[in-house]
Amino acid sequence: FYRTGISTINLPQMEKIGDYAFSECSSLSITGNTINSDEIGDYAFYNTQVSGPITTLTSTSIGKEAFSESGLTFDTIKQKVTTIGGITTTSSIHIYPHAFSGRTITGPLNFASPNYGRNLIDASAFSGCIFQSNSKFEFHSTTIGSYAFSRANFASKRELTLRDGSTLGEHAFEMTYGSLEIQTSDNGNDKDDPSDREKCHLVSIPSYAFYSSTAVTASSNELYITGEIGTKAFSNCTKLIGNLIIN
């Protein structure tokens, strides 16, 4: 359907939406404003004009520049969860480079630990995005790639929590602005100690991870780091005040 005038599609449960499937369609309406597809190919909705926001997007793989230049707004982006015979399985999710670059995200962005593998937010996947509404980023067993959220605008306060061995790449939140508050993460610490849960714990911070971010702050004005801090990791972070504690 590349560069066609198709007007309405229904995507309740798909195995795959291929590369360029709806790219550069001039006026498209998605029934129920919902996309549910195991795999969304590269450039699948690139530069496509879609009426209305996407309230729920469910997938395990979202391809390179899948929604770039589309003008779409997203509420909930989530990984696939299936229940068979009373057994619930959470799939990993892989978001490829520039998949959502420049888009507006209004809801939370929470990825649970998958039953197998790790979640991956690839390089520049959400670069330049606008994040609206006060809600959370909570990542479990997630690798956040280089420049993944660089130059993003956290227009309303977002709370960032990294759990279960989640890691940051270089430049991951470089030159972000707005309000991004690093929250409690109990990686390797005493989860039963109430005072410990109030602390912010990060394992290692790679070079330039938050470089020139005017968004990043720490809850309770305490930032706990248990590993290495790379070159200029927090350089020019003008809102980051309080106590830095390295264990």
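Each value, and the rule that gives it
Residues numbered from 1 in each chain as written. Predicted model: local features only at pLDDT ≥ 70, side-chain atom pairs only at ≥ 80, totals over all residues. Heavy atoms only, no water. Helix = DSSP H or I, 4+ residues; strand = E, 2+ residues; numbered from the N terminus. Buried < 20%, exposed > 50% of the residue type's maximum accessible area, 1.4 Å probe, protein only. Areas by Shrake-Rupley, 256 points an atom, 1.4 Å probe, with all protein chains shown as cover. Contact = heavy atoms within 4.5 Å. Pairing = 2+ DSSP bridges. Salt bridge = Lys/Arg side-chain N within 4 Å of Asp/Glu carboxyl O. Polar contact = N/O pair within 3.5 Å; in protein donor to acceptor, adjacent residues only side chain to side chain. Phe/Tyr/Trp six-rings, centres within 6.5 Å; stacked < 30°, edge-to-face > 60°.

Student: I would appreciate a short explanation of the overall build of the protein in the present structure.
Tutor: Secondary structure summary: the protein contains one helix and 22 strands in total. Taken over 247 residues, the protein has a buried fraction of 47%. Accessible surface, the protein: about 10,700 Å² in total, of which carbon and sulfur atoms supply 47%.

Student: Mind showing me how you'd approach unusual backbone geometry here?
Tutor: Working note: non-glycine residues mostly have negative phi, and peptide bonds are mostly trans. We note that Ser 141 has phi near 45°; this positive angle belongs to a residue other than glycine. Here Ser 141 is to be found in the loop between strand E14 (135-140) and strand E15 (142-144). Its identity is not glycine, yet Asn 236 carries a phi of approximately 65°, on the positive side.

Student: Got a minute to help me understand the side chain of Ser 23 in this structure?
Tutor: Turning to its location among the elements, Ser 23 is positioned in the loop between strand E1 (8-17) and strand E2 (28-40). Setting aside anything within four residues of it in sequence, one finds Ser 23 in contact with Phe 1, Tyr 2, Arg 3, Tyr 43, Ala 44, Phe 45, Tyr 46 and Thr 48.

Student: Can you help me understand the pairing of E14 in this one?
Tutor: Taken residue by residue, a regular strand's side chains alternate between the two faces of the sheet. Pairing analysis gives three bridges linking strand E11 (residues 109-111) to E14, with the strands arranged parallel. The partner of Leu 109 across the bridge, within E14, is Phe 137. Note: E14 against strand E16 (residues 153-163), six bridges, orientation parallel. Counterpart to Lys 136 in the pairing with E16 is Glu 159.

Student: Explanation requested: the pattern of salt bridges in the structure shown.
Tutor: As a working rule, side chains carrying opposite charge can pair if their charged atoms are close by. Taken as a whole and assessed by the stated rule, the structure comprises four salt bridges. Its salt-bridge partner being Asp 38, residue Lys 80 comes within 2.7 Å of it at the nearest N-O pair. One end of the pair, Lys 80, is in the loop between strand E6 (73-78) and strand E7 (81-84); the other, Asp 38, is in strand E2, and 42 residues separate them in sequence. Here Glu 138 and Arg 163 are joined by a salt bridge, their closest N and O atoms 3.4 Å apart.

Student: What should I look at first to understand the environment of Thr 176 in this one?
Tutor: If you trace the backbone, Thr 176 turns up in the loop between strand E17 (167-168) and strand E18 (177-182). Among the polar contacts listed, one links the side chain of Thr 176 to the backbone oxygen of Phe 173, at a separation of 3.0 Å. A distance of 2.7 Å separates the side chain of Thr 176 from the side chain of Ser 213, its partner in a polar contact.

Student: Explanation requested: the packing of aromatic side chains in the structure shown.
Tutor: Centre distance and the angle of the planes are the two values used to describe a pair of aromatic rings. Summed over the entire model, instances satisfying the criterion amount to 24 aromatic pairs. The interplanar angle of 80° and the centroid separation of 5.7 Å between the aromatic rings of Tyr 43 and Tyr 46 together place this pair among those described as edge-to-face. Between Phe 131 and Phe 154, the aromatic rings sit 5.3 Å apart at their centres with planes inclined by 15°, giving stacked as the arrangement. Remark: Phe 154 occurs in strand E16 and Phe 131 occurs in strand E13 (residues 130-131); sequence separation between them is 23 residues.

Student: Any chance you could explain the pairing of E18 here in plain terms?
Tutor: With five bridges connecting them, E16 and E18 associate as parallel partners. Opposite Glu 159, over in E18, you have Glu 181 as the bridge partner. Bridge count for E18 against strand E20 (residues 216-218) is three bridges, and the pairing is parallel. Along E20, the bridge assignment pairs Ile 182 with Ala 218.

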